Every structure is written in structure tokens, then in C-alpha cells.
Amino acid sequence: MAATSRDTGEKKTNPPGHPCFTARGVRRGALEIAPLALFVMPFGIAFGGAAAAKAVPASIAMLMSGSMFAGAAQFAVLDLWRDPLPLAMLALTVLAVNARHILLGAALAPWFLRVPLARRLSALLFLSDPNFAQAMAARERGELDAGILFGSGLAMWFVWLAGTAIGAYGGAYLGDLARFGFDAVMVSYFAAVVLGQWRSTRDLVPWIAAAAAALLGSRLLPPGWHIIIGALAGGVTGAWRHGR
Amino acid sequence: MVGDVTAVGAIMVLALVTLATRLAGVWIMSYVEITARIEAFLKYMATSVFIAIVVPAAVNGAPRIGFAVGAAAVAMIASRSALAAMLIGAAVAAAAKSVGL
């Protein structure tokens, strides 16, 4: 199955280089993510529109998008947004929905820990699911420049902010975005990313463990936690089978 | 109506929580030696994050989301292009919506 890299035209051998963070990498990351970043726009519009529908001022919605840059968590926050603000519940919900960032960061560690500290921290500022997936695919092709994660994240941040602005200031006129299938774009992309990682039938058991744990968790646990449970189940199963 | 000062303060706290999750993974791993087994753990865990988002969304969500994910999977296997898979997934979801699914 999908054993080869998605960019078949490009034959990059592993350069004898060292992990780094350069402006060229930032630019390359931004350009590579551009087609996908466009699909962030409708999600931003949807968020801005939802905020407008809850009478949250446009400036507050913009501040959320600019400072958090985390779609699923922001929607969860919007759901809990009322007077008086339930701050502890908000913080825990955001932690649960975003805890997967910890897993993504851990997966980047073998590469990023060899980048100098200040650059390593800035490269992680815009870490999210799509640019993580792109960076991991690039790493598979021999990429060593951590700047691509920053560049792709920055590009998506701009689009996310622009989408939020359109939605927050003009959302009422746009109607239901599901009509255009925009609400299925992210899951479709994630499904493709998963299949792109397929190497052999050894992958099957960890993948089934992840799916089963996530499915069970989505029925039994508070929102967000099934992602953590599923990810841990897949990781533990994969590591356990590795030694055999 | 939430007051502006309260709202801005709360958003700053939530932004810090989010930032902490972005930085924590690499930081934690700087204290753990990365063996072959840990690499296998991380590799499967990374893929499993997406499995854990997609599978419950496809099973528990509206049927159209399930159709979209199925179509995207077939498109990915056939074309090896994530972009094509994404477009076909969205097209299937839009078509399903138009017939009321």
C-alpha cells in the first residue's frame, strides 16, 4: 500500500547535515502548506461566525484565534463562554483538547532536541496537527530544517486569523458551511495522513488498538480525552510489539 | 455578557495552557533517553493521534462524515495524494448534505 512518500517527483537522499532552523526552511514550510492552509479559512470563518452567534465581540474572537491558534479548543471554549466565566473548567477543557500537542512534540523530539534551545522553542510556537503531519512527512524525506514547522504554522496562523475576522465581522451572511463539505476537510486529510504512514501488516494491531480505545473513550470519557487514550493505546501497543 | 477585562485575562490563561502543551512534549523527551523502543512508541503514537480523531468522528458523527472519510481513504490509496483525498472527502460530504444525509 502507501509505502512511498507522497511527493514521488522529489528524490531527496538523506543529506549529511545537522538539524537546524533557517529562514529558507520557514519560507519552504509556508509555501508547502499553502494549499492546505487555504482549507483552514472556512474553519476560521466558522469559528468567527459561531462567536458572533454567541454575541462574543469580534475583537475577543480575534484575540482568541491570535493567542490560542487551536480550533477544536476554541470551539470548546466558546461552548463554555458565559457570565461568570468558569475559568477552571475552561482551562481543564483546553488542556484536554490540546494535550495531544504534548504527544506531537514528543514525536518531534528526536529531531528538535538537536536544534538550539531558543530556535527550538520558537519552532514549536505554531505546532498544530496539519503542520505536524507535514513536518513528519518532510522528515521522512530527509528534511532537517525545523524552520518548516514554524513557517507552515505561521502561514496557517495568518489564514486562521483572516478567517476568524471574516466570520466574526460578517458571519451572519455566510449560511451553513457544511453545504460545501468544509466540515469534512480536516478528517479527510487526517485519514489520508494515517494511510500514508502504512508500512506493513505489523502496523495493523497498534492501529486497531488506537481505534478501539478512541472509540470506547469517545463514549465513556469527557470530550477530548478519547484522543489521548487512543494515541497512548496505539503507542504502547506499537512499542510492546517492537521487541518481538 | 462577559466583561472585557475578565475576557482578556481568561484568554491569556487559556493561551498559556495551550502554549505549555506545545512546548511540553519536546521538553519532557529531553529527560528521557530515546531508545528504539521509545521511537516505536512515538511513531505509533503520532499516527494514533489521527486515528483517534478520525475513527470516532466517522463512527459517531453524521453519516456524511463517515462517507467522506471512506472516500478519502480510497482516494489516498489510489492516488497517494493527501490533497486529492481531502478534496474528494469534502465533495462526498457536500453531495451527501445535498441529499439530506
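Everything below is about the structure printed above this text.
A short tour of the structure in this document, coming up. (Residues numbered from 1 in each chain as written. Chains lettered and ligands numbered in written order. Predicted model: local features only at pLDDT ≥ 70, side-chain atom pairs only at ≥ 80, totals over all residues. Heavy atoms only, no water.)

A few points about the interface of chain B and chain A
The parts lose accessible area when they come together, and the size of an interface is often stated as this lost area.
And then number 1: With 63 residues of chain B at the contact, the number on the chain A side is 93 residues.
And then number 2: Between chain B and chain A, a total of about 6,600 Å² is buried, with carbon and sulfur atoms accounting for 79% of that surface.
And then number 3: It is B:Arg22, B:Tyr44 and B:Phe50 in chain B that bury the most area against chain A; as a group they hold 12% of the surface buried on that side.
And then number 4: On the surface where chain B and chain A come into contact, there are zero salt bridges.
And then number 5: Taken together, the links from chain B to chain A amount to nine residue pairs in polar contact (both at pLDDT 80 or more).
And then number 6: Put simply, the parts of the chain that give the side of chain B that touches chain A at least two residues each are α1 (4-29), α2 (36-60), α3 (63-79) and α4 (82-98) of chain B.
And then number 7: Ranked by residue count, the leading element in the side of chain B that touches chain A is α2(B), at 21 residues.
And then number 8: Of the residues that constitute the side of chain B that touches chain A, the class distribution is 49 nonpolar, nine polar and five charged. (Contact = heavy atoms within 4.5 Å. Buried area = accessible area lost by both parts, 1.4 Å probe. Salt bridge = Lys/Arg side-chain N within 4 Å of Asp/Glu carboxyl O. Polar contact = N/O pair within 3.5 Å; in protein donor to acceptor, adjacent residues only side chain to side chain. Helix = DSSP H or I, 4+ residues; strand = E, 2+ residues; numbered from the N terminus. Nonpolar A, V, L, I, M, F, W, Y, C, P; charged D, E, K, R; others polar.)

Concerning helix α9 (residues 147-170) of chain A
And then number 1: Taking 1.5 Å of rise per residue, the 24 residues of α9(A) would be expected to cover 34 Å, and the 34 Å separating its terminal C-alpha atoms lies within 8% of that figure.
And then number 2: Where burial is concerned, most of α9(A) is hidden: 18 out of the 24 residues are buried. (Expected span 1.5 Å × (residues − 1). Buried < 20%, exposed > 50% of the residue type's maximum accessible area, 1.4 Å probe, protein only.)

Some words on the pattern of salt bridges
Residue and element names in this part refer to chain A.
And then number 1: Enumeration according to the criterion identifies four salt bridges over all chains in this entry.
And then number 2: Linking Arg141 and Glu32 is a salt bridge whose minimum nitrogen-to-oxygen distance equals 3.7 Å. Of this pair, Arg141 sits in the loop between α8 (129-140) and α9 while Glu32 sits in helix α1 (residues 23-37), placing them 109 residues apart in sequence.
And then number 3: A relative accessible area of 11% means that Arg141 is categorised as buried.

Looking at the packing of aromatic side chains
Residues and elements named next belong to chain A.
And then number 1: This structure, assessed with the given rule, holds 13 aromatic pairs over all chains.
And then number 2: Aromatic side chains Tyr189 and Phe190 sit 6.1 Å apart centroid to centroid with 50° between the ring planes, which places their arrangement in the tilted category. Residue Tyr189 shares its accessibility class with Phe190, and that shared class is buried.
And then number 3: An aromatic cluster is built from Phe21, Phe69, Phe126, Phe150, Trp157 and Phe158, whose rings are joined through pairwise contacts.
And then number 4: The cationic tip of Arg139 hangs over the ring face of Trp111; the distance from NZ or CZ to the ring centre is 5.8 Å. (Phe/Tyr/Trp six-rings, centres within 6.5 Å; stacked < 30°, edge-to-face > 60°. Lys NZ or Arg CZ within 6 Å of the ring centre and 35° of its normal.)

Just distances and angles here, no functional claims.
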